[in-house]
Amino acid sequence: MSIISNSLKRIKPSPTIAVSQKARELKAAGKDVIGLGAGEPDFDTPNNIKNAAIKAIRGGDTKYTAVDGTPALKKAIIKKFKKENNLKYSVEEITVGTGGKQVLYNAFMATLNKGDEVIIPAPFWVSYPDMVLLAGGKPKIVKCSEGENFKLTPAKLKKAISKKTKWLILNSPSNPTGASYTKKEIVKLSKILAKHKKIHILSDDIYEHISYDKSKYFTIAQVSNLKNRTLTMNGVSKSYAMTGWRIGYAGGPKEIIKAIRKVQSQSTSNPSSISQAAAVEALNGTQSFIKTRSKEFKKRRDFVVKSLNNIKGVNCLTPDGAFYVFPSCKKLLNKKTKLKTDSEFVEKLLEKANVAVVQGSAFGLPGYFRISYATSMQKLKVAMERIKSFCNNLN
Ligand code: PLP
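In this report, we go over the structure that sits alongside the text.

## As for the nonpolar core
And step 1. In this structure, Leu-36, Phe-108, Leu-231, Leu-308, Phe-345 and Ile-371 are the most contacted members of the largest nonpolar core, which totals 73 residues.
And step 2. No other element matches helix H14 (residues 377-394), which puts seven residues into this core.
And step 3. Per-domain counts for this core show at least three residues from each of domain 1 (6-44 + 289-390) and domain 2 (63-284).
And step 4. Ignoring sequence-local partners within four residues, the contact set of Ile-371 consists of Leu-36, Val-304, Leu-308, Phe-323, Tyr-324, Val-325, Val-357, Met-384 and Ile-387.
And step 5. Counting residues in each nonpolar core, the second largest holds 24 residues, with Ile-94, Val-96, Tyr-249 and Ala-282 among its members.

## Quick word on the packing of helix H3 (residues 47-58) against helix H11 (residues 273-284)
And step 1. At their nearest, the axes of H3 and H11 sit 8 Å apart, and the two run at 140° to each other. For the element pair H3 / H11, the angle class is oblique. By crossing handedness, the relation of H3 to H11 is classed as right-handed. Counting all contacts with H3, which are made through Asn-48, Ile-49, Ala-52, Ala-53, Ala-56 and Ile-57, the residues of H11 involved are Ile-274, Ala-277, Ala-278, Glu-281 and Ala-282.
And step 2. Looking at the contact of H3 with H11 residue by residue, the class counts come to nine nonpolar, one polar and one charged.

## Some details on the site of the ligand
And step 1. Residues in contact with the ligand amount to 13 residues; listed here are only the nearest, Gly-100, Asp-204, Ser-237, Lys-238 and Arg-246.
And step 2. The separation between an oxygen atom of the ligand and a polar main-chain atom of Gly-100 is 2.6 Å.
And step 3. Contact distances for the ligand include 2.6 Å between an oxygen atom and a side-chain N or O atom of Lys-238.
And step 4. In isolation the ligand has 400 Å² of accessible area, and contact with the protein removes 93% of it.
And step 5. When each cavity is represented as a set of grid points, the ligand is found to reside in the largest pocket.
And step 6. For the shell around the ligand, the residue count by class is four nonpolar, five polar and four charged.

## Structural notes on the sheet that holds strand E9 (residues 324-325)
And step 1. Strand order in this open sheet of three strands is E9-E12-E11, and the pairing throughout is antiparallel. Both outer strands of the open sheet, E9 and strand E11 (358-359), are each paired with one neighbouring strand and no more.
And step 2. Where E11 meets strand E12 (residues 369-372), two bridges bridge the pair, whose relative direction is antiparallel. Paired with Val-358 across the bridge in E12 is Arg-370.

Reading guide: rules and limits
Residues numbered from 1 in each chain as written. Predicted model: local features only at pLDDT ≥ 70, side-chain atom pairs only at ≥ 80, totals over all residues. Heavy atoms only, no water. Core = buried A, V, L, I, M, F, W, Y, C linked by side-chain atoms within 4.5 Å. Buried < 20%, exposed > 50% of the residue type's maximum accessible area, 1.4 Å probe, protein only. Helix = DSSP H or I, 4+ residues; strand = E, 2+ residues; numbered from the N terminus. Domains from an automatic or database assignment. Contact = heavy atoms within 4.5 Å. Axes fitted to C-alpha atoms, helices over the stretch in contact; angles between N-to-C directions. Parallel < 35°, antiparallel > 145°, perpendicular 65-115°, else oblique. Left-handed = near helix turned anticlockwise from the far one by under 90°. Nonpolar A, V, L, I, M, F, W, Y, C, P; charged D, E, K, R; others polar. Near = heavy atom within 4 Å. Polar contact = N/O pair within 3.5 Å; in protein donor to acceptor, adjacent residues only side chain to side chain. Areas by Shrake-Rupley, 256 points an atom, 1.4 Å probe, with all protein chains shown as cover. 1 Å grid on protein atoms, 1.4 Å probe; cavity = no way out; pocket = protein on both sides within 12 Å on 5 of 7 lines; lining within 4 Å. Sits in = over half its atoms within 2 Å of the grid points. Pairing = 2+ DSSP bridges.

What follows is the structure, encoded as C-alpha coordinates:
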(Lines give C-alpha, C1' and ligand atoms only; values in the text may rest on other atoms or scores of the structure.)
Protein backbone atom coordinates (compact mmCIF):
# COMPACT_ATOMS: atom_id res chain seq x y z
CA MET A 1 0.00 0.00 0.00
CA SER A 2 1.40 3.38 -0.98
CA ILE A 3 2.14 5.97 1.69
CA ILE A 4 0.95 8.65 -0.74
CA SER A 5 -2.76 9.49 -0.65
CA ASN A 6 -5.07 8.91 -3.59
CA SER A 7 -6.06 12.57 -3.63
CA LEU A 8 -2.44 13.61 -4.06
CA LYS A 9 -2.00 11.17 -6.90
CA ARG A 10 -4.69 13.07 -8.80
CA ILE A 11 -2.49 16.17 -9.14
CA LYS A 12 0.90 17.19 -10.54
CA PRO A 13 3.46 19.77 -9.38
CA SER A 14 3.00 23.27 -10.81
CA PRO A 15 4.55 23.29 -14.33
CA THR A 16 5.33 27.02 -14.17
CA ILE A 17 7.28 26.57 -10.95
CA ALA A 18 9.07 23.62 -12.62
CA VAL A 19 10.19 25.83 -15.55
CA SER A 20 11.50 28.53 -13.19
CA GLN A 21 13.35 25.86 -11.22
CA LYS A 22 14.91 24.39 -14.38
CA ALA A 23 16.02 27.87 -15.53
CA ARG A 24 17.54 28.51 -12.07
CA GLU A 25 19.43 25.20 -12.21
CA LEU A 26 20.81 25.92 -15.68
CA LYS A 27 21.89 29.39 -14.57
CA ALA A 28 23.60 27.91 -11.52
CA ALA A 29 25.42 25.50 -13.85
CA GLY A 30 26.84 28.52 -15.68
CA LYS A 31 24.44 28.70 -18.65
CA ASP A 32 23.36 32.14 -19.85
CA VAL A 33 19.63 31.44 -19.54
CA ILE A 34 16.98 34.15 -19.82
CA GLY A 35 13.98 33.12 -17.75
CA LEU A 36 10.66 34.27 -19.16
CA GLY A 37 8.73 31.70 -17.18
CA ALA A 38 8.18 33.35 -13.81
CA GLY A 39 4.90 34.92 -12.83
CA GLU A 40 6.23 37.73 -10.72
CA PRO A 41 7.11 41.39 -11.26
CA ASP A 42 10.85 42.05 -11.52
CA PHE A 43 10.39 45.33 -9.60
CA ASP A 44 11.22 45.51 -5.92
CA THR A 45 8.62 46.04 -3.17
CA PRO A 46 8.26 49.82 -2.65
CA ASN A 47 10.15 51.30 0.29
CA ASN A 48 7.14 52.62 2.18
CA ILE A 49 5.84 49.03 2.34
CA LYS A 50 9.19 47.61 3.47
CA ASN A 51 9.40 50.30 6.16
CA ALA A 52 5.96 49.40 7.48
CA ALA A 53 7.16 45.81 7.89
CA ILE A 54 10.33 46.90 9.70
CA LYS A 55 8.22 49.09 11.98
CA ALA A 56 5.94 46.13 12.70
CA ILE A 57 8.92 43.96 13.70
CA ARG A 58 10.39 46.67 15.92
CA GLY A 59 7.00 47.40 17.46
CA GLY A 60 6.54 43.77 18.51
CA ASP A 61 3.88 42.98 15.94
CA THR A 62 5.21 39.45 16.00
CA LYS A 63 2.48 37.31 17.54
CA TYR A 64 -0.41 35.25 16.21
CA THR A 65 -3.16 37.41 14.78
CA ALA A 66 -6.83 36.68 14.14
CA VAL A 67 -6.94 33.59 11.89
CA ASP A 68 -8.19 35.32 8.76
CA GLY A 69 -6.61 38.74 9.08
CA THR A 70 -6.00 41.65 11.43
CA PRO A 71 -8.76 44.24 11.90
CA ALA A 72 -6.43 46.87 10.37
CA LEU A 73 -5.88 44.86 7.20
CA LYS A 74 -9.55 43.96 6.84
CA LYS A 75 -10.40 47.66 7.19
CA ALA A 76 -7.90 48.54 4.45
CA ILE A 77 -9.35 45.82 2.18
CA ILE A 78 -12.92 47.03 2.74
CA LYS A 79 -11.77 50.56 1.81
CA LYS A 80 -10.00 49.25 -1.31
CA PHE A 81 -13.06 47.33 -2.53
CA LYS A 82 -15.29 50.36 -2.00
CA LYS A 83 -12.97 52.88 -3.61
CA GLU A 84 -11.72 50.86 -6.57
CA ASN A 85 -14.56 48.46 -7.31
CA ASN A 86 -17.57 50.16 -5.74
CA LEU A 87 -18.15 47.00 -3.70
CA LYS A 88 -19.41 47.27 -0.14
CA TYR A 89 -18.32 44.50 2.22
CA SER A 90 -18.61 44.16 6.02
CA VAL A 91 -15.79 42.75 8.18
CA GLU A 92 -17.49 39.32 8.25
CA GLU A 93 -17.35 39.25 4.46
CA ILE A 94 -13.56 39.56 4.23
CA THR A 95 -10.87 36.90 4.54
CA VAL A 96 -7.08 37.18 4.35
CA GLY A 97 -4.82 34.25 3.50
CA THR A 98 -1.21 33.36 2.78
CA GLY A 99 -1.42 34.51 -0.83
CA GLY A 100 -4.37 34.46 -3.16
CA LYS A 101 -3.40 30.86 -3.77
CA GLN A 102 -4.34 29.87 -0.22
CA VAL A 103 -7.62 31.77 -0.40
CA LEU A 104 -8.59 29.84 -3.55
CA TYR A 105 -7.44 26.53 -2.10
CA ASN A 106 -9.41 27.13 1.09
CA ALA A 107 -12.49 28.11 -0.90
CA PHE A 108 -12.45 24.82 -2.81
CA MET A 109 -11.68 22.76 0.30
CA ALA A 110 -14.54 24.48 2.09
CA THR A 111 -17.17 24.06 -0.61
CA LEU A 112 -16.55 21.10 -2.92
CA ASN A 113 -18.06 17.67 -2.48
CA LYS A 114 -17.13 14.65 -4.57
CA GLY A 115 -18.33 15.12 -8.14
CA ASP A 116 -19.06 18.85 -7.85
CA GLU A 117 -18.04 20.57 -11.06
CA VAL A 118 -16.01 23.74 -11.45
CA ILE A 119 -16.09 25.43 -14.85
CA ILE A 120 -12.58 26.54 -15.77
CA PRO A 121 -12.12 28.46 -19.03
CA ALA A 122 -8.88 27.43 -20.79
CA PRO A 123 -6.21 28.61 -21.11
CA PHE A 124 -6.21 28.78 -17.30
CA TRP A 125 -3.85 29.46 -14.43
CA VAL A 126 -2.17 26.10 -13.81
CA SER A 127 -3.30 25.69 -10.22
CA TYR A 128 -7.09 25.86 -10.71
CA PRO A 129 -7.71 22.30 -11.97
CA ASP A 130 -5.31 20.68 -9.52
CA MET A 131 -6.75 22.55 -6.55
CA VAL A 132 -10.23 21.44 -7.59
CA LEU A 133 -9.05 17.83 -7.94
CA LEU A 134 -7.33 17.90 -4.58
CA ALA A 135 -10.54 19.10 -2.97
CA GLY A 136 -12.46 16.21 -4.55
CA GLY A 137 -14.18 18.26 -7.26
CA LYS A 138 -14.23 17.85 -11.01
CA PRO A 139 -12.69 20.49 -13.28
CA LYS A 140 -14.85 21.17 -16.32
CA ILE A 141 -12.41 22.67 -18.79
CA VAL A 142 -13.89 24.87 -21.51
CA LYS A 143 -11.44 25.69 -24.28
CA CYS A 144 -11.52 29.30 -25.45
CA SER A 145 -9.84 29.87 -28.79
CA GLU A 146 -7.50 32.54 -30.08
CA GLY A 147 -10.37 33.71 -32.31
CA GLU A 148 -12.39 34.32 -29.14
CA ASN A 149 -9.50 36.26 -27.66
CA PHE A 150 -9.09 33.29 -25.28
CA LYS A 151 -12.27 34.37 -23.44
CA LEU A 152 -15.35 32.43 -22.38
CA THR A 153 -18.35 33.18 -24.59
CA PRO A 154 -21.95 33.10 -23.30
CA ALA A 155 -22.72 30.15 -25.62
CA LYS A 156 -19.84 28.10 -24.24
CA LEU A 157 -20.77 28.94 -20.66
CA LYS A 158 -24.36 27.87 -21.27
CA LYS A 159 -23.20 24.58 -22.71
CA ALA A 160 -20.80 23.88 -19.84
CA ILE A 161 -23.34 24.34 -17.06
CA SER A 162 -24.79 21.18 -15.54
CA LYS A 163 -26.74 20.28 -12.41
CA LYS A 164 -23.42 19.60 -10.73
CA THR A 165 -21.82 22.99 -11.46
CA LYS A 166 -20.79 24.63 -8.22
CA TRP A 167 -18.35 27.31 -9.34
CA LEU A 168 -17.31 29.24 -12.42
CA ILE A 169 -13.81 30.70 -12.33
CA LEU A 170 -13.21 34.02 -14.08
CA ASN A 171 -9.71 35.47 -14.22
CA SER A 172 -9.33 38.92 -15.73
CA PRO A 173 -6.73 40.07 -16.76
CA SER A 174 -5.78 36.49 -17.36
CA ASN A 175 -2.79 34.38 -16.61
CA PRO A 176 -1.58 33.12 -19.14
CA THR A 177 -3.08 35.28 -21.94
CA GLY A 178 -3.36 38.77 -20.45
CA ALA A 179 -6.88 38.99 -21.93
CA SER A 180 -9.44 41.05 -20.01
CA TYR A 181 -13.22 40.83 -20.10
CA THR A 182 -15.02 44.03 -21.04
CA LYS A 183 -17.97 45.22 -18.95
CA LYS A 184 -20.31 44.15 -21.74
CA GLU A 185 -18.85 40.65 -21.87
CA ILE A 186 -19.13 40.23 -18.09
CA VAL A 187 -22.73 41.43 -18.12
CA LYS A 188 -23.59 38.90 -20.83
CA LEU A 189 -22.07 36.05 -18.82
CA SER A 190 -23.81 37.22 -15.67
CA LYS A 191 -27.21 37.16 -17.38
CA ILE A 192 -26.77 33.44 -17.95
CA LEU A 193 -25.49 32.90 -14.41
CA ALA A 194 -28.49 34.79 -13.02
CA LYS A 195 -30.70 31.94 -14.26
CA HIS A 196 -28.64 29.29 -12.46
CA LYS A 197 -29.00 30.25 -8.83
CA LYS A 198 -26.84 27.47 -7.39
CA ILE A 199 -23.68 28.46 -9.25
CA HIS A 200 -21.11 30.57 -7.44
CA ILE A 201 -18.51 32.71 -9.17
CA LEU A 202 -14.88 32.89 -8.25
CA SER A 203 -13.44 36.08 -9.64
CA ASP A 204 -9.65 36.02 -9.57
CA ASP A 205 -8.67 39.69 -9.83
CA ILE A 206 -5.00 39.32 -8.87
CA TYR A 207 -3.85 41.24 -12.00
CA GLU A 208 -6.36 44.09 -11.57
CA HIS A 209 -3.70 46.76 -11.29
CA ILE A 210 -1.76 45.58 -14.29
CA SER A 211 -4.54 46.68 -16.61
CA TYR A 212 -3.47 48.97 -19.40
CA ASP A 213 -6.75 50.84 -19.45
CA LYS A 214 -7.76 50.89 -15.80
CA SER A 215 -10.96 52.82 -16.57
CA LYS A 216 -12.17 49.73 -18.39
CA TYR A 217 -11.49 47.33 -15.53
CA PHE A 218 -14.57 45.64 -14.05
CA THR A 219 -15.12 42.71 -11.73
CA ILE A 220 -18.30 40.65 -11.93
CA ALA A 221 -19.74 41.49 -8.48
CA GLN A 222 -19.55 45.16 -9.43
CA VAL A 223 -21.53 44.96 -12.67
CA SER A 224 -24.10 42.24 -11.94
CA ASN A 225 -26.61 41.17 -9.31
CA LEU A 226 -24.40 38.25 -8.39
CA LYS A 227 -22.43 39.73 -5.49
CA ASN A 228 -24.23 37.46 -3.02
CA ARG A 229 -22.74 34.40 -4.76
CA THR A 230 -19.39 35.75 -5.85
CA LEU A 231 -16.04 35.40 -4.13
CA THR A 232 -13.94 38.33 -5.30
CA MET A 233 -10.31 37.37 -4.80
CA ASN A 234 -7.36 39.71 -4.98
CA GLY A 235 -3.96 40.20 -3.34
CA VAL A 236 -0.85 42.29 -3.04
CA SER A 237 1.57 39.93 -4.85
CA LYS A 238 1.40 41.35 -8.36
CA SER A 239 0.07 44.89 -7.80
CA TYR A 240 2.68 45.81 -5.22
CA ALA A 241 5.52 43.48 -6.24
CA MET A 242 5.05 41.49 -3.01
CA THR A 243 5.06 37.88 -4.22
CA GLY A 244 7.32 36.72 -1.38
CA TRP A 245 5.26 38.33 1.36
CA ARG A 246 2.30 35.98 0.76
CA ILE A 247 -0.82 38.03 1.32
CA GLY A 248 -4.04 37.46 -0.60
CA TYR A 249 -7.63 38.27 0.29
CA ALA A 250 -11.23 37.94 -0.78
CA GLY A 251 -14.63 39.48 -0.25
CA GLY A 252 -17.69 37.27 -0.39
CA PRO A 253 -20.78 35.83 1.28
CA LYS A 254 -20.44 35.41 5.06
CA GLU A 255 -21.17 31.69 4.92
CA ILE A 256 -18.26 31.03 2.56
CA ILE A 257 -15.90 33.39 4.39
CA LYS A 258 -16.67 31.62 7.66
CA ALA A 259 -16.01 28.21 6.07
CA ILE A 260 -12.71 29.44 4.63
CA ARG A 261 -11.73 30.61 8.12
CA LYS A 262 -12.49 27.13 9.48
CA VAL A 263 -10.14 25.49 6.93
CA GLN A 264 -7.43 28.04 7.67
CA SER A 265 -7.83 27.67 11.45
CA GLN A 266 -6.93 23.98 11.15
CA SER A 267 -4.08 24.43 8.68
CA THR A 268 -1.86 27.51 8.63
CA SER A 269 -3.75 29.86 10.99
CA ASN A 270 -3.01 33.51 10.32
CA PRO A 271 -0.80 34.81 7.51
CA SER A 272 2.46 36.37 8.74
CA SER A 273 1.78 39.29 11.08
CA ILE A 274 4.64 41.28 9.52
CA SER A 275 3.34 40.74 5.99
CA GLN A 276 -0.13 41.81 7.07
CA ALA A 277 1.27 45.08 8.46
CA ALA A 278 3.09 45.60 5.15
CA ALA A 279 -0.11 44.90 3.21
CA VAL A 280 -1.97 47.56 5.23
CA GLU A 281 0.60 50.10 4.02
CA ALA A 282 0.40 48.74 0.46
CA LEU A 283 -3.36 49.31 0.36
CA ASN A 284 -3.53 52.55 2.37
CA GLY A 285 -0.26 54.20 1.25
CA THR A 286 0.62 55.95 -1.98
CA GLN A 287 -0.52 54.17 -5.14
CA SER A 288 1.56 56.31 -7.47
CA PHE A 289 4.05 53.63 -8.49
CA ILE A 290 1.26 51.40 -9.86
CA LYS A 291 0.86 53.83 -12.76
CA THR A 292 4.60 54.18 -13.35
CA ARG A 293 5.09 50.44 -13.36
CA SER A 294 2.08 49.81 -15.60
CA LYS A 295 3.59 52.24 -18.09
CA GLU A 296 6.82 50.27 -18.07
CA PHE A 297 4.95 46.98 -18.48
CA LYS A 298 3.02 48.45 -21.42
CA LYS A 299 6.25 49.48 -23.13
CA ARG A 300 7.55 45.95 -22.74
CA ARG A 301 4.30 44.41 -23.93
CA ASP A 302 4.32 46.50 -27.09
CA PHE A 303 7.92 45.56 -27.79
CA VAL A 304 7.39 41.85 -27.18
CA VAL A 305 4.18 41.61 -29.24
CA LYS A 306 5.78 43.45 -32.16
CA SER A 307 8.94 41.34 -32.01
CA LEU A 308 7.00 38.06 -31.87
CA ASN A 309 4.76 39.01 -34.78
CA ASN A 310 7.90 39.68 -36.82
CA ILE A 311 8.91 36.04 -36.47
CA LYS A 312 7.77 33.77 -39.27
CA GLY A 313 5.47 31.08 -37.90
CA VAL A 314 4.62 32.91 -34.68
CA ASN A 315 1.41 34.83 -34.09
CA CYS A 316 0.70 36.92 -31.00
CA LEU A 317 -2.43 38.81 -29.88
CA THR A 318 -2.03 42.09 -27.99
CA PRO A 319 -3.26 41.53 -24.43
CA ASP A 320 -4.99 44.14 -22.24
CA GLY A 321 -3.21 43.41 -18.98
CA ALA A 322 -1.13 41.20 -16.67
CA PHE A 323 2.48 40.70 -17.82
CA TYR A 324 2.05 37.74 -20.13
CA VAL A 325 1.66 37.12 -23.83
CA PHE A 326 0.44 33.83 -25.26
CA PRO A 327 1.73 33.44 -28.82
CA SER A 328 0.90 30.58 -31.13
CA CYS A 329 3.67 28.25 -32.32
CA LYS A 330 1.28 25.96 -34.22
CA LYS A 331 2.80 26.80 -37.60
CA LEU A 332 6.18 25.65 -36.36
CA LEU A 333 4.97 22.22 -35.35
CA ASN A 334 5.41 20.09 -38.48
CA LYS A 335 7.55 17.51 -40.25
CA LYS A 336 10.04 20.06 -41.48
CA THR A 337 10.83 21.45 -38.02
CA LYS A 338 10.62 17.92 -36.53
CA LEU A 339 8.68 19.41 -33.62
CA LYS A 340 5.37 17.76 -32.78
CA THR A 341 4.16 19.57 -29.69
CA ASP A 342 4.43 22.89 -27.86
CA SER A 343 6.31 21.05 -25.09
CA GLU A 344 8.96 19.97 -27.60
CA PHE A 345 9.14 23.53 -28.94
CA VAL A 346 9.68 24.91 -25.44
CA GLU A 347 12.26 22.25 -24.53
CA LYS A 348 14.25 22.89 -27.70
CA LEU A 349 14.05 26.65 -27.18
CA LEU A 350 15.60 26.26 -23.76
CA GLU A 351 18.19 23.79 -24.94
CA LYS A 352 19.27 25.58 -28.14
CA ALA A 353 18.53 29.25 -27.43
CA ASN A 354 18.72 29.45 -23.63
CA VAL A 355 15.29 31.04 -23.26
CA ALA A 356 12.83 29.60 -20.73
CA VAL A 357 9.11 29.91 -21.50
CA VAL A 358 6.13 27.68 -20.59
CA GLN A 359 4.23 25.43 -23.00
CA GLY A 360 0.58 26.28 -23.68
CA SER A 361 -0.53 22.74 -22.85
CA ALA A 362 0.36 23.42 -19.20
CA PHE A 363 -2.44 25.99 -19.29
CA GLY A 364 -4.87 23.69 -21.08
CA LEU A 365 -4.37 24.98 -24.63
CA PRO A 366 -1.69 23.23 -26.70
CA GLY A 367 -0.04 24.91 -29.68
CA TYR A 368 0.94 28.05 -27.76
CA PHE A 369 3.55 29.19 -25.26
CA ARG A 370 3.51 31.74 -22.47
CA ILE A 371 6.06 34.49 -22.14
CA SER A 372 6.26 36.55 -18.97
CA TYR A 373 7.64 39.99 -19.83
CA ALA A 374 8.16 40.92 -16.20
CA THR A 375 11.86 41.30 -16.81
CA SER A 376 14.14 44.12 -17.99
CA MET A 377 13.87 45.55 -21.49
CA GLN A 378 17.53 44.70 -21.97
CA LYS A 379 16.91 41.01 -21.31
CA LEU A 380 13.73 41.04 -23.39
CA LYS A 381 15.64 42.41 -26.38
CA VAL A 382 18.19 39.61 -26.20
CA ALA A 383 15.46 37.01 -25.62
CA MET A 384 13.45 38.16 -28.65
CA GLU A 385 16.56 37.97 -30.84
CA ARG A 386 17.26 34.46 -29.58
CA ILE A 387 13.67 33.30 -30.18
CA LYS A 388 13.72 34.79 -33.67
CA SER A 389 16.95 33.12 -34.67
CA PHE A 390 15.81 29.82 -33.11
CA CYS A 391 12.53 29.88 -35.08
CA ASN A 392 14.23 30.94 -38.32
CA ASN A 393 16.65 28.05 -38.02
CA LEU A 394 13.79 25.58 -37.60
CA ASN A 395 12.41 26.27 -41.07
N1 PLP B 1 -4.22 33.76 -9.50
C2 PLP B 1 -3.47 33.87 -10.60
C3 PLP B 1 -4.14 33.95 -11.91
C4 PLP B 1 -2.07 33.87 -10.51
O5 PLP B 1 -1.33 33.98 -11.63
C6 PLP B 1 -1.47 33.77 -9.23
C7 PLP B 1 -0.01 33.70 -9.10
O8 PLP B 1 0.75 33.45 -10.00
C9 PLP B 1 -2.30 33.69 -8.11
C10 PLP B 1 -3.67 33.69 -8.28
C11 PLP B 1 -1.77 33.57 -6.71
O12 PLP B 1 -0.98 34.60 -6.32
P13 PLP B 1 -0.50 34.74 -4.81
O14 PLP B 1 -0.70 33.45 -4.14
O15 PLP B 1 0.92 35.15 -4.89
O16 PLP B 1 -1.38 35.81 -4.21
